[in-house]
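In case you want the letters, here they are:
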Amino acid sequence: MTLEQAKVGQTFTVLHVRGEGALRRRLLDMGILPGTAVTVTGAAPLGDPLELTLRGYTLTLRRADGGLVEVAEGRNRRW
C-alpha cells in the first residue's frame, strides 16, 4: 500500500521510499524514512494534498508524491 491510497485518520509505518533523484531525496529530507510512523490528519476538499503528522511536525504532501511511499498500516511494524 502507498500513502496515495491513505484515508484521513489512518496511521502507517513507512516501509520503503521509491523513486529516483531529487524527488526521492526531497521525501527523505522531509523525514519520510523507513520505520517512521505517519498519521494522515487531513486532506484538502478535493482530496489532494494530504496533511501528515510525523516526527513531531505537520507536513503537506501531494497524493502523487505519496504514491512513492510504501507503507504498512499501524505503528512500529517491522519491514
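Everything below is about the structure shown above.
Quantities reported herein were computed from a predicted structural model and do not represent experimental measurements.

Caption draft 1: Representation of the nonpolar core in the model. Among the nonpolar cores identified, the biggest contains 19 residues, and Leu 3, Val 14, Leu 27, Ile 32, Leu 52, Leu 61 and Val 69 are the most heavily contacted of them. Setting aside chain neighbours within four positions, we find Leu 3 in contact with Phe 12, Val 38, Leu 50, Leu 52, Leu 61, Arg 63, Gly 66, Val 69 and Val 71.

Caption draft 2: Layout of the side chain of Thr 2. Note that Thr 2 resides in the segment before strand E1 (11-17). Residue Thr 2 is classed as buried on the basis of its relative accessible area, which comes to 10%. If near-sequence neighbours (up to four positions away) are discounted, Thr 2 is found in contact with Arg 18, Gly 66, Gly 67, Val 69, Glu 70 and Val 71.

Caption draft 3: Just the environment of Gly 21, in detail. With respect to the helices and strands, the residue Gly 21 is situated in helix H1 (residues 21-29). As a C-alpha pair, Gly 21 and Ala 72 span 51 residues in sequence and 24 Å in three-dimensional space.

Caption draft 4: Main features of the pattern of salt bridges. Under the definition given, this model contains four salt bridges. The partner of Arg 18 in a salt bridge is Glu 70, with the nearest N and O atoms 3.4 Å apart. Here the residue Arg 18 occupies a position in the loop between E1 and H1, and Glu 70 occupies one in strand E5 (residues 69-73), the gap between them amounting to 52 residues. When its relative accessible area of 28% is taken as the criterion, Glu 70 is described as partly exposed. Note that Asp 29 and Arg 25 form a salt bridge whose closest N and O atoms lie 3.0 Å from each other. Within this pair, Asp 29 and its partner Arg 25 are both found in helix H1, separated by four residues, close to a single helical turn. Accessibility expressed as a relative area gives 56% for Asp 29, which makes it exposed.

Caption draft 5: Up close: the environment of Leu 54. Looking at the element boundaries, Leu 54 is found in strand E3 (residues 50-54). Separated by 48 residues in the primary sequence, Leu 54 and Ala 6 place their C-alpha atoms 15 Å from one another. Once residues within four sequence positions are removed from consideration, Leu 54 is found in contact with Met 30, Gly 31, Ile 32, Thr 36, Ala 37, Val 38 and Leu 59.

Caption draft 6: Quick look at the pairing of E1. Burial within E1 is extensive, with five of its seven residues counted as buried. Pairing of E1 with strand E2 (residues 37-43) involves three bridges; the strand directions are antiparallel. Within E2, the position partnered with Phe 12 by the bridge is Val 38. In this sheet, E5 lies alongside E1 in antiparallel orientation, the contact comprising five bridges. Each bridged residue has a counterpart across the sheet, and for Thr 13 the counterpart in E5 is Ala 72.

Basis of the calculations
Residues numbered from 1 in each chain as written. Predicted model: local features only at pLDDT ≥ 70, side-chain atom pairs only at ≥ 80, totals over all residues. Heavy atoms only, no water. Core = buried A, V, L, I, M, F, W, Y, C linked by side-chain atoms within 4.5 Å. Buried < 20%, exposed > 50% of the residue type's maximum accessible area, 1.4 Å probe, protein only. Contact = heavy atoms within 4.5 Å. Helix = DSSP H or I, 4+ residues; strand = E, 2+ residues; numbered from the N terminus. Salt bridge = Lys/Arg side-chain N within 4 Å of Asp/Glu carboxyl O. Pairing = 2+ DSSP bridges.

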